[in-house]
Amino acid sequence: MPAPSRRWPSRLLIAVLALVVCAALLYAYPRGAEPSALAAMRSDAEVAVHDRATSIELRPRGPVRGTGLVFHPGAKVDSRAYVPLLRPVAEAGYPVVVRKAPFGMAILQPQQGAAAISRGPDRWVAGGHSLGGPTAARLATAHPERVRGLLLWASYPDIDLRGADLAATSVYGTRDGLSAVPDVLGAPLPPTTEFVAVPGAIHAHFGDYGPQPGDGRPATSRRRAQERIIAATLHHLHRVDTAGR
């Protein structure tokens, strides 16, 4: 009878490690963009869409305003999921850069947006959804000479911004099950921050990526919620843009 192989412990260890790596990759894999988001990725007469390795750029075809938006996705969400909501921003003349975060986690590379704001308009708004919000806040504090605004979607910063010279807007859904309303309203933001409630909206209304575990139950339609989110975003960009003139 042949002696048992001495290699089986090492083979078992390799197999276990492979399973762990696969599980980690599956956990980190971004939530896919819905068909509506994929359709919004097409260029047209109003917006040129450039899908790059580290970002999605939405460039206005018409007159370009002096303020741009660099946007950080929520954790594990496909960057393309935000294009339907951000495309109207580019249509209004504001250049938009949507970051593609490593493993779908913007917080892993908090200064990834620095390259985007080094070119283009002189003024930028740093924006983010959910866990992308803290990354946007850190970008704003690291580059106050170029980032003049902070736009939070269903999010709040993990640093104290109460003394920051920064125009801030916090947009939140009243039925959000992941970013609790008390946490949003109690965030350490500048005293001039504008808080915009989207009645009946949930966390997943801020992007086209489908349902999310732990989220609340909506009391409004996705279309209506996103109309309000887009309107609040455009108002914030206008506020920053006109203040810089």
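Everything quoted here is computed from the prediction, not taken from an experiment.

Draft legend 1. Here's a closer look at unusual backbone geometry. One non-glycine residue, Ser 130, lies in positive phi territory at about 55°. For Ser 130, the position within the fold is in the loop between β5 (123-129) and α5 (132-142). Although it is not a glycine, Ala 154 sits at a positive phi angle of roughly 50°. Structurally, Ala 154 can be placed in the loop between β6 (147-153) and β7 (167-173).

Draft legend 2. Inspection of the sheet that holds β6 at higher detail. The sheet built from eight strands is open, its strands ordered β1-β2-β4-β3-β5-β6-β7-β8 with mixed pairing. The two strands at the open ends of the sheet, each matched to only one other strand, are β1 (47-51) and β8 (194-198). Adjacent strand axes in the sheet meet at a mean angle of 15° when their direction is disregarded. Where β6 meets β7, five bridges bridge the pair, whose relative direction is parallel. Among the inter-strand pairings, Leu 150 is bridged to a residue of β7, identified as Ala 168. Packing against the sheet, helix α3 (residues 83-91) makes contact with β1, β2 (55-60), β3 (67-72), β4 (96-99) and β6, and its axis sits at approximately 35° to β2.

Draft legend 3. Inspection of the confidence of the model for the chain at higher detail. Here the chain averages 88 in pLDDT, and 83% of its residues register 70 or above. Under a pLDDT of 50 for its full length, residues 15-29 has, in the predicted model, six contacts with residues more than four places off or in other chains.

Draft legend 4. Expanded view of the pattern of salt bridges. Counted by the stated rule, this structure contains 15 salt bridges. Close ionic contact of Arg 119 with Glu 57 constitutes a salt bridge, the shortest N to O distance being 3.4 Å. In this pair, Arg 119 is assigned in the loop between α4 (114-117) and β5 and Glu 57 in strand β2, connecting sequence segments 62 residues apart. Look at Arg 119 and you get partly exposed, because its relative accessible area is 45%. Look at Glu 57 and you get buried, because its relative accessible area is 6%. The residue Glu 227 makes a salt bridge to Arg 224 at a minimum N-O spacing of 3.3 Å. Here Glu 227 pairs with Arg 224, and both are found in helix α7 (residues 222-243), just three residues apart, close to one helical turn. Taking relative accessible area as the criterion, Glu 227 reaches 36% and is therefore assigned partly exposed. Residue classification places Arg 224 among the partly exposed positions, given a relative accessible area of 36%.

Draft legend 5. Inspection of the packing of α3 against α7 at higher detail. For the pair α3 and α7, interaxial distance at closest approach is 10 Å and the crossing angle is 40°. Here α3 is positioned oblique relative to α7, judged by the angle of their axes. Crossing hand, α3 versus α7: right-handed. Where α3 abuts α7, its residues Pro 84, Leu 85, Pro 88 and Val 89 lie against Gln 226, Ile 229, Ile 230, Thr 233, Leu 234 and Leu 237.

The rules we used
- Residues numbered from 1 in each chain as written.
- Predicted model: local features only at pLDDT ≥ 70, side-chain atom pairs only at ≥ 80, totals over all residues.
- Heavy atoms only, no water.
- Helix = DSSP H or I, 4+ residues; strand = E, 2+ residues; numbered from the N terminus.
- Pairing = 2+ DSSP bridges.
- Axes fitted to C-alpha atoms, helices over the stretch in contact; angles between N-to-C directions.
- Contact = heavy atoms within 4.5 Å.
- pLDDT = per-residue confidence, 0-100.
- Salt bridge = Lys/Arg side-chain N within 4 Å of Asp/Glu carboxyl O.
- Buried < 20%, exposed > 50% of the residue type's maximum accessible area, 1.4 Å probe, protein only.
- Parallel < 35°, antiparallel > 145°, perpendicular 65-115°, else oblique.
- Left-handed = near helix turned anticlockwise from the far one by under 90°.

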